[in-house]
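# Coordinate analysis (summary)
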Amino acid sequence: MSHATGRRVVFVGATRGMGRALSRRLVERGDRLCLLGRDAGELARAAADLGVRGASAPPTTVACDLSDPDTIEPALDAALADLGRLDVVVVTAGEFATQEALEAEPSRVSRLFDVNVRGVVLLCEGAKRRMLAMGGGALVVFTSVAGERGRASNVLYGATKAALSAYLEGLDHRHFRDGLRVLDVKPGFVRTSMTAGLREPPFAGEPEQVARDVERAMDRQRSVVFTPRAWGPVMSVVRGLPRAVMRRARF
Amino acid sequence: MTIQTTQPRLAGWGRQFRPARELTPESLLAPSRDAVLSRGLGRAYGDSALPPASRPVVLTTRRADHFVSFDAGTRELRAEAGVSLATINRLFLPRGYFLPVTPGTQHVTLGGAVAADVHGKNHHVDGGFGDHVTSLVVRVGDGRVITCTRERDADLFWATIGGMGLTGHVLEVGLTMRAVPSGVIDEELTRVDGLEAFQDALAVAATRHRYTVGWIDCLTRGASAGRGVLMAGDFSRAPGAPVPRARERVARLRFELPSWALGRATVRAFNEVHFRAFPRGTTRRSIGWEDFFYPLDRVDDWNLMYGSRGFTQYQCVLPERSARLGAARVMNVLTRRGGASFLCVIKDCGPEGRGMLSFPLKGISIALDLPLCDGTQALVDALNEEVIAHGGRIYLAKDSLTRREHFAQMEPRLAAFQEVRRKWDPRRTIRSAQSVRLMGDAP
Ligand SMILES: Cc1cc2nc3c(=O)[nH]c(=O)nc-3n(C[C@H](O)[C@H](O)[C@H](O)COP(=O)(O)OP(=O)(O)OC[C@H]3O[C@@H](n4cnc5c(N)ncnc54)[C@H](O)[C@@H]3O)c2cc1C
Ligand SMILES: NC(=O)c1ccc[n+]([C@@H]2O[C@H](COP(=O)([O-])OP(=O)(O)OC[C@H]3O[C@@H](n4cnc5c(N)ncnc54)[C@H](OP(=O)(O)O)[C@@H]3O)[C@@H](O)[C@H]2O)c1
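All of the points below concern the structure found in this document. Everything numeric in this text was worked out from a predicted model, so none of it was measured.

## A few points about the interface of chain A and chain B
Contacts between the two partners involve 26 residues from chain A, matched on the other side by 23 residues from chain B. Interface area lost by chain A to chain B is led by V52(A), R53(A) and R199(A), which between them contribute 28%. Linking E80(B) and R45(A) is a salt bridge whose minimum nitrogen-to-oxygen distance equals 3.7 Å. For the pair chain A and chain B, the number of links is 13 residue pairs in polar contact (both at pLDDT 80 or more). Contributing elements (two or more residues each) for the side of chain A that touches chain B: α1 (17–28), α2 (40–54) and α7 (207–219) of chain A. A total of 7 residues in the side of chain A that touches chain B trace back to one element, the largest contributor, which is α2(A). Within the side of chain A that touches chain B, the residues separate by chemical class into 7 nonpolar, 4 polar and 15 charged.

Here it is as structure tokens:
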């Protein structure tokens with residue numbers, strides 16, 4: 001287990017939810033961040049907050065919208081120029097929409113795949129290339145328990161996260177020996193603005209709890225972490241359910 | 001997935017639930033535009049942070065918790081209202097700064113600390129929380145966002161400090177932190193043998209210590225009535241004195257205890273043991289900041305201890321001129337009516353602050369935890385009558401049972417406060433269950 005501090009971290013998604021909580025933990029332990037995101041005002045607020053929490057200069061912020069692939073490479077260049085090197089890249093950014101909303105408005109389906117799959121994968125590809133060129137690094141990417149099984153209640157969102165998990169697993173297998181560490185974070189239901197207004201299942205978690213679990217998984221160099229932790233055993237049951245049961249299940 | 005269907009309930013720390021719901025956004029700017037009331041971490045005991053029945057959704061601030069800036073030169077910290085005092089302590093004590101004023105729990109928000117103008121063990125020297133606030137950003141009832149200070153829109157500033165959320169939604173708070181030499185307290189514990197002696201001891205301790213407070217055993221009568229322990233201390237200046245790290249995890253009560261658990265017999269036994277644990281005379285020890293300021297925070301959700309009926313806290317302050325007699329009468333009413341208070345805290349307050357409805361005034365404050373039962377309303381009525389007779393008042397952040405007519409008698413400042421509310425919120429959109437009960441706002 002390592003308790004590295006002072007790492008140079010590119011962070012996509014620090015403005016809200018679990019990313020907000022995790023970025024705070026990282027600056028508090030002494031890591032230096034560069035924040036990527038699409039809303040300059042929100043980024044500036046997050047940076048000021050992290051500056052006070054880390055007792056340091058506020059992190060630099062760089063414009064990057066995962067729905068626009070042209071913004072990704074320039075953002076990584078700017079981040080690398082700011083940080084000088086790249087030890088960790090964290091991506092919590094992602095979108096969610098209910099199955100009903102996506103079916104009602106098919107244009108949102110391509111947007112969902114654009115952000116959750118194309119955008120995140122391109123960012124990881126760029127980050128991976130840069131880190132491998134410097135001898136390795138860590139990728140920490142948020143997928144979801146929704147990607148574990150095809151589920152009636154979230155066919156499309158689940159598919160984006162399943163694609164991302166398959167990609168991350170492949171990266172791990174391909175580049176582990178080159179010094180790339182890949183952590184696939186699979187949150188269960190967590191109370192953030194993404195889930196506001198949705199009915200809570202059992203084991204709903206708080207972002208701070210997730211941040212603690214992820215920090216520990218990073219230190220232990222895990223490749224997959226379920227968080228809050230109760231979701232691990234829950235998902236191993238769900239993985240084993242026969243199709244006939246899944247067809248009838250409403251979740 | 002579907003929208004929440006079970007009937008949501010909400011309560012203050014005293015766990016008297018009623019139908020209500022929280023909105024917990026990460027930014028207050030938009031949702032504060034049409035919210036009826038803000039709520040912090042729900043540590044007010046009664047109905048201060050509960051919405052009126054007809055508009056049952058409160059705006060909970062705990063996720064709006066960005067720091068804005070800290071200036072080491074002026075020691076001014078600016079942060080959103082949802083930042084908790086616990087977070088401030090965890091981050092700033094290791095850097096040599098502490099809150100200028102803190103209540104007995106650190107699990108309160110900046111917004112809640114401002115709205116109740118909270119007081120601490122240093123009230124006799126440092127005044128209330130509001131005395132250290134430099135600026136407030138407030139969404140007022142007419143929809144505007146106002147930055148107020150002692151100079152600019154000072155009426156709004158001083159009505160918001162201690163105004164129990166009724167002047168608007170505090171979005172951001174500026175306050176001056178205190179520089180401290182360490183994170184440990186040199187504490188002096190003194191066994192005191194009666195209420196009169198207690199007030200003498202507090203007066204003496206006040207001249208020598210920044211932090212003082214007393215714990216009283218309220219179940220003993222006769223000669224030892226009012227016996228207890230006086231705790232006094234200051235941050236240690238010893239070279240190399242450490243800053244203990246904040247507790248990462250604490251114990252937690254997960255279930256309600258049965259209602260008899262805190263009955264008279266248990267409390268008596270606890271008090272006996274607690275009192276005997278202190279040797280006669282004065283003991284000195286060095287103690288970490290969390291154990292000194294926040295002993296109750298050692299157990300999360302300790303309010304479950306009071307069972308399903310919940311509890312209330314009765315806290316009053318009696319002006320100096322009538323404090324001795326008044327305090328004795330209050331304790332007398334309590335013992336006569338058989339109220340078993342688990343916790344009884346006595347504290348001398350410094351001069352009244354400028355918050356238009358702030359609680360403290362120069363004199364003696366007494367706080368009692370009371371399990372709710374059939375006689376509690378009558379007990380609170382009787383206590384209030386004593387307090388009114390002696391020119392005192394109650395602390396709104398603890399109250400759930402005071403009657404409107406009693407409140408009017410103890411609060412000559414109410415009319416001026418209501419005037420300021422009218423100015424910034426002419427349609428009276430901002431109200432609480434407490435303001436419905438005590439100020440006649442529309443339910
Ligand atoms: C164990 C314990 C010990 C305590 N010790 C002390 C003590 O020593 N001294 C003391 O003074 N108090 C003490 N208190 C009371 C506590 O400090 C106050 O009730 C405080 O207001 C609670 O803050 P909160 O964030 O939990 O606010 P809540 O309880 O949620 O709300 C309290 C009030 O503040 C208002 N409010 C909250 N946020 C905002 C906002 N952003 N804008 C406008 N209004 C807002 C609410 O409307 C409500 O009127 C104690 C409470 C407990 C449980
Ligand atoms: N919450 C859950 O229950 C849950 C469960 C399983 C998995 N997840 C996954 O966990 C991750 C974090 O979820 P969360 O609940 O913390 O989400 P959230 O609160 O909605 O925060 C999402 C973050 O991603 C950023 N973002 C969104 N779209 C972006 C884009 N196109 N370009 C750049 N940044 C973008 C947002 O920035 P802005 O400030 O600009 O909006 C925000 O910082 C997501 O990938 C989500 O799918 C969540």
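There's plenty left to go through after this.
## Let's talk about the packing of helix α3 (residues 72–83) of chain A against helix α5 (residues 107–133) of chain A
All names here are of chain A. Across the interface, α3 lies against α5 with an axial gap of 10 Å and an inter-helix angle of 40°. It follows that α3 is oblique to α5 by the angle criterion. Of the two possible hands of crossing, α3 and α5 adopt the one that is right-handed. Across the interface between the two elements, I72, E73, L76, D77 and L80 from α3 touch G119, L122, L123, G126, A127, R129 and R130 from α5. Tallied by class, the residues present in the contact of α3 with α5 amount to 6 nonpolar, 2 polar and 4 charged.

## Examining the sheet that holds strand β1 (residues 8–12) of chain A
Across a sheet, strands are paired by hydrogen bonds formed along the backbone, either parallel or antiparallel in direction. Residue and element names in this part refer to chain A. Read across the open sheet, the 7 strands follow the order β3-β2-β1-β4-β5-β6-β7; overall the sheet is parallel. Every interior strand has two partners, whereas the edge strands, β3 (60–63) and β7 (224–227), have only one. If you compare each strand with its neighbour and ignore which way they point, the axes differ by 20° on average. Across 4 bridges, strand β4 (residues 88–91) lies against strand β5 (residues 137–142) in parallel orientation. Its bridge partner being in β5, V90 is matched across the sheet by V140. Its contacts with the sheet put α1 on β1, β2 (32–37), β4, β5 and β6 (180–187), and the angle it makes with β1 is roughly 165°.

Each value, and the rule that gives it
- Residues numbered from 1 in each chain as written.
- Chains lettered and ligands numbered in written order.
- Predicted model: local features only at pLDDT ≥ 70, side-chain atom pairs only at ≥ 80, totals over all residues.
- Heavy atoms only, no water.
- Contact = heavy atoms within 4.5 Å.
- Buried area = accessible area lost by both parts, 1.4 Å probe.
- Salt bridge = Lys/Arg side-chain N within 4 Å of Asp/Glu carboxyl O.
- Polar contact = N/O pair within 3.5 Å; in protein donor to acceptor, adjacent residues only side chain to side chain.
- Helix = DSSP H or I, 4+ residues; strand = E, 2+ residues; numbered from the N terminus.
- Nonpolar A, V, L, I, M, F, W, Y, C, P; charged D, E, K, R; others polar.
- Axes fitted to C-alpha atoms, helices over the stretch in contact; angles between N-to-C directions.
- Parallel < 35°, antiparallel > 145°, perpendicular 65-115°, else oblique.
- Left-handed = near helix turned anticlockwise from the far one by under 90°.
- Pairing = 2+ DSSP bridges.

Note that all results are geometric; they support no functional claim without further evidence.
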